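Observations on the three-dimensional arrangement
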Amino acid sequence: MPIFRGMTTYLTTPQGRHIAYVRTQGKEPGVVFLGGFRSDMTGSKALHLQAWAQASGRSFLRFDYSGHGQSRGDFADGTITDWREDAAAVIETLTEGPQVLVGSSMGGWIGLLLARLIPDRVAGFVGIAAAPDFTETMWETEFSMADRTRLLEDGVLFRPSLYSPDPYPITRRLIEDGKQNLVLDGPLNLPMTVRLLQGTLDADVPPAVALNLLNHISSPDLRLTLVRDADHRFSSPACLALMVETVEAVLAAHHHYATGVPDELPKSHTG
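Given the structure is predicted, the values throughout are model-derived calculations rather than measurements.

Let's shift gears to the overall build of the chain. Secondary structure summary: the chain contains eight helices and twelve strands in total. Taking 2.2 N^0.38 as the reference for a compact globule, 271 residues should give roughly 18 Å; the C-alpha atoms of the chain span a radius of gyration of 18 Å, in line with that estimate. Put simply, the chain has 271 residues, and 52% of those count as buried. Partitioning the intrachain contacts of the chain with sequence separation of at least 6 by distance along the chain shows that 73% fall at a separation of at least 24. In the structure as shown, the chain presents an accessible area of about 12,300 Å², 52% of it carried by carbon and sulfur atoms. Charge separation in the chain, taken as the distance between the mean sites of 23 positive and 31 negative side-chain charges, equals 3 Å.

What follows covers unusual backbone geometry. Looking along the chain, the bond that leaves Glu28 and enters Pro29 is cis, with omega of 0°. In this structure, Pro29 sits in strand E3 (residues 27-34). At Ser105, a position not held by glycine, the phi torsion is positive, near 55°. Its location among the elements puts Ser105 in the loop between strand E5 (99-104) and helix H3 (106-117). Within the chain, Asp229 stands out as a residue other than glycine whose phi angle is a positive 70°. Relative to the elements of secondary structure, Asp229 occurs in the loop between strand E12 (221-227) and helix H8 (237-259).

So, about the sheet that holds E3. Read from one edge to the other, the open sheet built from eight strands follows the order E1-E2-E4-E3-E5-E6-E10-E12, with strand pairing classed as mixed. Lying at the two open borders of the sheet, with one neighbouring strand each, are strand E1 (9-12) and E12. The sheet shows a mean angle of 20° between the axes of neighbouring strands, direction not considered.

The next subject is the packing of aromatic side chains. Inspection of the entire model under this criterion finds nine aromatic pairs. Geometrically, the ring pair formed by Trp139 and Phe143 is edge-to-face, given 6.3 Å between the ring centres and 80° between the ring planes. You can call Trp139 buried: its relative accessible area is 16%. Given the relative accessible area of 6%, Phe143 is considered buried. Ring-pair connections join several aromatic residues into one group, and the members of that group are Phe37, Phe63, Tyr65, Phe75, Trp83, Trp109, Phe134 and Tyr168. Positioned above the aromatic ring of Phe75 is the side chain of Arg38, whose terminal nitrogen or guanidinium carbon lies 5.6 Å from the ring centre.

Another point: the side chain of His232. Its place among the elements puts His232 in the loop between E12 and H8. Relative accessible area serves as the criterion here: at 13%, His232 is assigned to the buried category. Only 3.1 Å separates the side chain of His232 from the side chain of Ser105, close enough to count as a polar contact. If we ignore the near neighbours within four places in the chain, the residues touching His232 are Ser105, Ala129, Tyr163, Asp202, Asp204 and Val205.

Time to look at H3. In a regular helix each residue adds 1.5 Å, so twelve residues correspond to 16 Å; H3 covers 17 Å between its end C-alpha atoms and thus fits that length. Of all twelve residues in H3, ten are buried, a share of seventy percent or more. Those residues of H3 not exposed but buried are Met106, Gly107, Gly108, Trp109, Ile110, Gly111, Leu112, Leu113, Leu114 and Ala115.

Let's shift gears to the packing of helix H1 (residues 44-56) against H8. As a packed pair, H1 and H8 sit with axes 10 Å apart at the nearest point and diverge in direction by 55°. Judged on the interaxial angle alone, H8 and H1 are oblique. Where H1 crosses over H8, the two elements pack in a sense that is right-handed. Taken together, the residues of H8 that come into contact with H1 (itself represented by Ser44, Lys45, His48, Leu49 and Trp52) are Leu240, Ala241, Met243, Val244, Val247, Glu248 and Leu251.

Right, let's talk about the environment of Leu61 for a bit. Locating Leu61 in the fold gives a position in strand E4 (residues 58-63). Taking the C-alpha atoms as reference, Leu61 lies 9.5 Å from Leu49; in sequence the two are twelve residues apart. Residues within four places of Leu61 in sequence aside, it is in contact with Tyr21, Val22, Arg23, Val31, Val32, Phe33, Val90, Leu94 and Thr95.

Judged by how many residues are buried, strand E6 (residues 122-128) sits mostly within the fold: seven of seven residues are covered. Sheet analysis places E5 next to E6, joined by six bridges and oriented parallel. Looking at the pairing, Val102 lines up with Val126 of E6. Between the parallel pair E5 and E6, the chain is carried across by H3, and the sense of this crossover is right-handed.

Scoring rules and cut-offs
Just so you know, the residues in each chain are numbered from 1, in the order the chain's sequence is written. Restriction of local features to residues with pLDDT of at least 70 applies here, the model being predicted, together with a cutoff of 80 or more for giving and counting side-chain atom pairs; totals for whole chains, interfaces and linings are based on all residues. Computation of side-chain values: all heavy atoms of the structure, hydrogens and water removed. Helix numbers and strand numbers start at the N terminus; a helix is a DSSP run of H or I with at least 4 residues, a strand a run of E with at least 2. Throughout, radius of gyration means the C-alpha value; the globule benchmark is 2.2 Å times the number of residues raised to the power 0.38. Relative accessibility decides the category of a residue: with a 1.4 Å probe and only protein chains considered, values under 20% of the type maximum give buried, values over 50% give exposed, and everything between is partly exposed. Only heavy atoms matter for contacts: two residues are in contact if any of them lie within 4.5 Å across the pair. Only the protein chains shown count as cover for residues, and the accessible areas themselves come from Shrake-Rupley with a 1.4 Å probe. For this count, His and the chain ends are skipped, Lys and Arg are scored as positive, and Asp and Glu as negative. Here the site of a charge means atom NZ of a Lys, CZ of an Arg, CG of an Asp or CD of a Glu. Paired strands, in this sense, are two strands between which DSSP finds at least two bridges. Only the contacting stretch of a helix is used when fitting its axis, a line to C-alpha atoms as for every element, and angles between N-to-C directions run 0 to 180 degrees. Classification of ring pairs rests on two measures: the distance between centres of Phe, Tyr or Trp rings, Trp counted by its six-membered ring, which must be within 6.5 Å, and the angle between planes, read as stacked under 30 degrees, edge-to-face over 60 and tilted in between. In this analysis the charged atom, NZ for Lys or CZ for Arg, is taken to sit over a ring once it is within 6 Å of the ring centre and within 35 degrees of the ring normal. The definition of a polar contact used here is a pair of N or O atoms within 3.5 Å, where within protein one atom must be able to donate a hydrogen and the other to accept one, and adjacent residues in sequence count solely through side-chain atom pairs. Helix span is expected to be 1.5 Å times the residue number reduced by one. Note that the term roughly parallel is reserved for angles under 35 degrees, roughly antiparallel for angles over 145, roughly perpendicular for angles of 65 to 115, and oblique for everything else. Crossings are classed by handedness, with left-handed meaning an anticlockwise turn of the near helix from the far one by less than a right angle and right-handed meaning a clockwise turn. Think of it like this: strands point away, you trace from the first strand over the helix to the second, and a clockwise trace means the crossover is right-handed.

Now the structure itself:
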């Protein structure tokens, strides 16, 4: 499907950060894509959703957190709080009414935080290999004693990446801030439709994380779909089609709950 990529514009947040975004006008509720750790808004999932939104006349917004992609700032200076604030600012400023949040990996954590903090602005949530509390998981189960010592003494630890030739920095500030944004350490009541998509071959966010999240969330309409042999990218044609079908189903559910009138689900996905 051809896609008009749109013009990148910048928003200055209340915290003074400059966030790059691309907005597609259309009917509401709109869809907002929340990217992952060190990813940007030009990834396949974000662009596929934009193409679908343009074809269906749906409002859509993609953006880069500060220190990511085209947004300003140094990645190593960022924290979960910063990126949560970035996401809240673009939603509050650039969208109208409730939005369906689609969060990939770390974006799933950001989306869960927003769904808890501003539920009136969230029409539904779709998590794709959602990685809530991943900083705590790294500290508790992935870091060796030597890693912890280096992080505490130097303030930064560089880890190899499967997706980049350059190692990425994990800062002490990121780990400490993550503790202030945990969603699995207490009740997570989400009064909206929630869908979780997870690949069984995801080496970064194992299926056990999705199962734990499924059991932890309290929602009136909650489902988890496991996709056999899908990896963390979740970007095969079949995965992208499933993502769109899931967003359409969440939009239909929101329409039904909001109006009491069933919304006809698409018979097939043509994106």
